[in-house]
Each structure stands twice: as structure tokens, then as C-alpha cells.
Amino acid sequence: MSDSASSQTAAVSKIGLVPATLMVAGNMMGSGVFMLPANLAAIGGIAVVGWLVTLVGALALALVFAKLAALDPAAGGPYAYTRKAFGDYMGFQTNLIYWLANVVGNVGLAVAGLGYLTYFFPELKVPLVLALGQIAIIWFFTYANILGPRFVGRMQSFTTVAALFPIIGMAIFGWFWFSADTYAAGWNVSGENSFSAVGATLNFTLWAFIGVETASVSAGVVENPRRNVPIATLGGVILAGICYVLSSTAIMGMIPNAELVTSAAPFADAVRMALGSEAANIVAVCAAVGCLGSLAGWTLLVGQSAKAAADDGLFPNVFSRTNAKGVPSAGLAIVAVLMSIQVLATMSPTASEQFGKIASVAVIMTLLPYIYSAIALKVLSFRKVEHHEYAIYTIISLIGAIYCLWAIVGSDGQQTRWSLIFVVSTIVFYAMALNHKQHVEAHEVEVGGQVPRFVRYLTFAITLVALVLMFWVSFDERSAGKLHTRSPQPTASLSESAPAAP
């Protein structure tokens, strides 16, 4: 294919402002809001304070990424900005951490989405069936990304609108069933003082805003990125933030704390209490579509982040190879393999428990790239903006960085320790990456290349195999007798004991 034809194909595949904004909002809301009321219930209604603190920090980070994108709309997001500000090693570390955090976190999206589908497919309560379903979803959205970024953008525009339906509905109408007594009874059940309890919520509430950098990472596939990326970033964060605070607080005042903690689908359970089973079923479908559609956008993000580093010689060359659509399909297939292994390694008795483990680790690993990006703005904007503007953005950067540090302090100690040990170990991997980069600079290794078409067909085939195995295990009576369903089953208990609407 000629250079002109390649550039024309790339231009056709790019996404506009509205899909980019919905991708930012969808990546955050699909990954954040649908399971978090259950996780936050372990701390209590005091989480509303954590939401407000997180909203301030998220807006600061949104302004950081918006300004960085306006200064230099480079593909790769945190990786690109950190590398330009602090050099190759910090850039490599940022990319490796950010890439792995997304690989880990993307599994959480599949967990949350399928958790809502248990209303329609009770067999998904069986851990092995749930795991095979997650693997099928992972490979399906990998295949969708291989078809091109424009296809993913259209898909996520639809899924984000579907996700907004129950979130906005709960944020507005959930308050008619809100009970101040129910909310107050579960105000702080963590056993910690108020300051520690708020700090403990930050790890989870920040998970809801992970995705603030979506547009900047995907700048390479966004039309007019210097203009559209900042607008999409701020618009997506504001939209998501309002919906988060109102909807999650309403749910905590509807469902008693003890029941909310064990819920696998808190939005659907709340609607079931208020409007009955049919309305809950609609919400469950919308929530599942939102969570799973978010996985499409995050898969795009993982591919673009790895490709940006591979193009610079700081990541294996296989991640820079693209298909005819300009998609790093080989790298995406590798990511799908890693995610599938992770699914099998983290199977838990409940979707909520598995989601909590995955979310916590992913947040900790994402916080460092956020801190690096915040400080990189101070470096990269020096003498490129007016003095008063530089002072304002310096303050904003510090707010974002301090918030991220606070969230790390409030995270689980053991998970934080192992995450930071991995960060230190990146120097070992960098030595290998540096040798590869030197070969690239000496033109001994060519970056990029064409991905064979069989990768696309193989991805589709694995999707089908996983689906077949999932249904085979679901309906095979011999296998069912050897499996253990999760206990308790929150969906059943809530539907049996739901109070009448006021």
C-alpha cells in the first residue's frame, strides 16, 4: 500500500469529537459506577465525601491531560508526556506500568458486565462458566478492535448511551425511594475513624475516574486532536462525575448496607426494589452493555499505548506491527492471551469480590503514570505559556499529584507493596528495552511491519471456542455436579425481600 493510500485509510478510520467524548465518559462509567456501590458499602455512606474529594482530583487530572494534549497531542498519553519530560527510562516505566494496569483492569470490566447478566443467565454464577464468559468477551472485543478504531468508536457511542440510561435514571429518580435512615445506618461501617475511612474510599472512587486520559492516549486516532482531545477530556469527566455522586449515594440510601455489600448488580437490585423485576431487567441489560462496551475502548487504549512505545523502540516490535486498518492487532492478541490467563488466575466465589481485587491493583499501578503526567506538565509547559497561566497549571498539577499520592496511602498495604516492588523491578526490563532501542537506532532492527491476516481469523476462532465451552459447561450435568456456585446469592435474596415502593 502506498504512503498516500495509507494516510487516507488512517484518516477515514479516525473518530470525531462526540465519539471521543463518549469514549472518555464511557471508559470511566463503564469501568466505574456499576459495581462500586457494592464495594464502597464495605466502608459506608461516608464514601460520598470520598467521591467529592475524588471529583476535585479527577478534574485536576483532566485539566492536566487537556493542557498536555493542547501543547502536544502526541499518541501514547502518559507514556509520551513522561518520556518527553523525564527521558527514556521514565517513559518506559510509565508505559509498562500503565499497559499492565490496563491489562489487569480490563478484566474487571468483563467481571462487572457479566455480573449484571446473571439476572438472565444464572449459570454465570458458576465460577468456571463466568471465567469462560469473560474470556469470550475479551477475545470478542479484541476482534472488534482489529476491525478498526472507527468501528470501536461507533460501538462505544451506542454502549455509552445505553449505560447513561440507568445511571442518569438512578441519579434523578432514585431519590424518590431514598431513605435517610438506611443511609445513616451504614454511614461508617469500616471500623476506622472518618479520615481513614475517606482515605480508604479513594482507591475505589478513583477507579471510577480511570479513563480521564483516554482521549490523550488515543490522540493518534482522534480527528483534530489539538482541539478535540482537551474538550473530550473535560466534557467526559464532568458528565461522569455528576452521575457518579448522585447515583451511588441514592443506591446507598435504598439498599440496606448488609445487602448492598453482597450485591453483584447494585443498580439492578435498587431498581428491582423500586419498580419491580421488569425494570430491573432493563437496567441489568443497559449496565451490562455499558460495562462490556467500555472494554472495547480500553482495549483500543492498551493497543495504542503499547504501539507508541514500540514505535520509539522501547517496547517489543511486535506491538508496533499493524494490519491494513492501522491497528496493532498482533499486540492486541498478546494482551488478550494475558487477560485470559489472569481471568483463570483470579476466579473468586463472587463477581464483586473478584472485581474488588482487580480494581484495587489496577488503580495502584495507574496512579504513578498520573503523578508523572501531572509533574510533566510543569516541565513541558515551561516558557510555552504565559507566566500567570504557568502558575495556575502548576497549582493544578500539584493538586492532581497530591490526590494520587493520598489515594496510594489509602490503598491496601500488601497490594501497594507488591505493586511498588514491580515498579522498582522495571529497571531490569529497561536494560533489555534499551538494547532493543539501540538496535533500532542503528537500523539493525526495523520498527513496524504488517501483521498476517490469520491473526484476525484466529481471534474470531478463539472467541467462538470460548463461547462453545461456556455453554457446554453450563448445560453439561456431569460438569455441573463438580462445580460450586457462589454463596450468598444477592440477586435472589434481594428479590425475595424487596420492600414495596413508597
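Note that the structure is predicted; figures quoted are calculated from it, not measured.

J.: Mind showing me how you'd approach the nonpolar core here?
T.: Side chains of a nonpolar character, in soluble globular proteins, are inclined to be buried together. If you look at the biggest cluster of nonpolar residues, it comprises 146 residues, and the most contacted ones within it are Trp99 and Tyr116. The element that contributes the greatest number of residues to this core is helix α15 (residues 277–311), accounting for 17 residues. For Trp99, the residues in contact, after removing those within four places along its chain, are Val302, Ala306, Phe315, Phe319, Val335 and Leu338.

J.: What is the right way to look at the environment of Ala310 in this model?
T.: Considering the arrangement of structural elements, one finds Ala310 in helix α15. A C-alpha to C-alpha distance of 7.5 Å links Ala310 and Val447, two positions 137 residues apart in sequence. Discounting residues that sit within four places of it in the chain, Ala310 has contacts with Phe315, Pro316, Phe319, Ser320 and Val447.

J.: Sorry, what's going on with the packing of helix α7 (residues 127–146) against helix α20 (residues 454–475) here?
T.: Closest axis-to-axis distance for the α7/α20 pair is 8 Å, and the angle between their directions is 160°. Accordingly, the angle class assigned to the pair α7 and α20 is roughly antiparallel. Between α7 and α20 the crossing geometry is left-handed. The residues of α20 that touch α7, namely those facing Leu128, Val129, Leu132, Gly133, Ile135, Ala136, Trp139, Phe140, Thr142, Tyr143 and Ile146, are Arg456, Thr459, Phe460, Ile462, Thr463, Ala466, Leu467, Leu469, Met470, Val473 and Ser474. Considered class by class, the residues forming the contact of α7 with α20 number 16 nonpolar, five polar and one charged.

J.: I'm lost on the confidence of the model for the protein chain in this one. Help?
T.: When pLDDT is averaged along the protein chain, the result is 81, and 87% of the positions lie at 70 or above. By mean pLDDT, helix α22 (residues 490–497) is the weakest element of the protein chain at 38, and helix α9 (residues 180–185) is the strongest at 92. Of the regions scoring below 50 in pLDDT, residues 1–12 engages in five contacts with residues more than four places distant in sequence or in other chains.

J.: For this particular structure, what's the right way to read the packing of aromatic side chains?
T.: Aromatic rings considered in pairs are described by the distance between their centres and by the relative angle of their planes. Counted by the stated rule, this structure contains 19 aromatic pairs. Here the aromatic rings of Trp175 and Phe178 are separated by 4.8 Å at their centres, their planes lie at 40°, and the arrangement is tilted. By relative accessible area, which is 34% here, Trp175 ends up partly exposed. On the numbers, 5.6 Å between centres and 45° between planes, the contact of Phe178 with Tyr183 is tilted. Residue class for Phe178 comes out partly exposed when judged on its relative accessible area of 25%. Among the aromatic residues, ring-to-ring pairing joins Trp175, Phe178, Tyr183 and Trp187 into one connected group.

J.: It is not clear to me how the side chain of Asn145 should be interpreted in this structure. Could you clarify?
T.: Position of Asn145 relative to the elements: it lies in helix α7. With relative accessibility at 2%, the residue Asn145 sits in the buried group. Within polar-contact distance, the side chain of Asn145 engages the backbone oxygen of Phe141 at 2.9 Å. Here Asn145 is in contact with Val152, Ala296, Thr299, Leu300, Val327 and Leu332, once residues within four sequence places are set aside.

J.: Teacher, can you tell me more about the packing of α7 against helix α8 (residues 149–173) here?
T.: A pair of packed helices is captured by two measures, namely the crossing angle of their axes and the spacing between those axes. Relative to each other, α7 and α8 sit at 125°, their axes nearing to 6 Å. As far as their axial angle goes, α8 and α7 are oblique. Facing Phe141, Ala144 and Asn145 of α7, the residues of α8 in contact are Phe151, Val152 and Met155. Partitioning the contact of α7 with α8 into residue classes produces five nonpolar, one polar and no charged.

J.: Would you mind showing me how to read helix α14 (residues 266–275) here?
T.: Owing to its 3.6 residues per turn, the α-helix aligns residues three or four sequence positions apart on the same side. Judged by how many residues are buried, α14 sits mostly within the fold: nine of ten residues are covered. For α14, the set of buried residues is Pro266, Phe267, Ala268, Asp269, Ala270, Val271, Arg272, Met273 and Ala274. Phi turns positive, to about 100°, at Gly276, one or two residues after α14.

J.: Can you walk me through a nonpolar patch on the surface in this structure?
T.: A contiguous nonpolar patch, built from Leu59, Trp175, Ile238, Ile242 and Leu246 and spanning about 420 Å² of accessible area, is present on the exposed surface. The element that contributes the greatest number of residues to the nonpolar patch is helix α12 (residues 225–252), accounting for three residues. Residue Ile238 is classed as partly exposed on the basis of its relative accessible area of 45%.

J.: What should I look at first to understand helix α18 (residues 387–409) in this one?
T.: Look at α18: 33 Å from first C-alpha to last across 23 residues, which is about the 33 Å you get at 1.5 Å a residue. Within α18, the full set of buried residues consists of Tyr390, Tyr393, Thr394, Ile396, Ser397, Gly400, Ala401, Tyr403, Cys404, Ala407 and Ile408.

J.: Could you clarify how one ought to interpret unusual backbone geometry in this entry?
T.: When glycine is set aside, most residues are seen to have a negative phi, and most peptide bonds are trans. The backbone of Asn224 sits at a positive phi, close to 45°, despite the residue not being glycine. One can find Asn224 in the loop between α11 (214–217) and α12. A positive phi angle, near 60°, is found at His443, a position not held by glycine. With respect to the element layout, His443 can be found in the loop between α19 (413–441) and α20.

Reading the values: rules and limits
Residues numbered from 1 in each chain as written. Predicted model: local features only at pLDDT ≥ 70, side-chain atom pairs only at ≥ 80, totals over all residues. Heavy atoms only, no water. Core = buried A, V, L, I, M, F, W, Y, C linked by side-chain atoms within 4.5 Å. Buried < 20%, exposed > 50% of the residue type's maximum accessible area, 1.4 Å probe, protein only. Helix = DSSP H or I, 4+ residues; strand = E, 2+ residues; numbered from the N terminus. Contact = heavy atoms within 4.5 Å. Axes fitted to C-alpha atoms, helices over the stretch in contact; angles between N-to-C directions. Parallel < 35°, antiparallel > 145°, perpendicular 65-115°, else oblique. Left-handed = near helix turned anticlockwise from the far one by under 90°. Nonpolar A, V, L, I, M, F, W, Y, C, P; charged D, E, K, R; others polar. pLDDT = per-residue confidence, 0-100. Phe/Tyr/Trp six-rings, centres within 6.5 Å; stacked < 30°, edge-to-face > 60°. Polar contact = N/O pair within 3.5 Å; in protein donor to acceptor, adjacent residues only side chain to side chain. Patch = residues over 30% accessible without salt bridge, like charges linked within 9 Å, V, L, I, M, F, W, Y side chains within 5 Å. Areas by Shrake-Rupley, 256 points an atom, 1.4 Å probe, with all protein chains shown as cover. Salt bridge = Lys/Arg side-chain N within 4 Å of Asp/Glu carboxyl O. Expected span 1.5 Å × (residues − 1).

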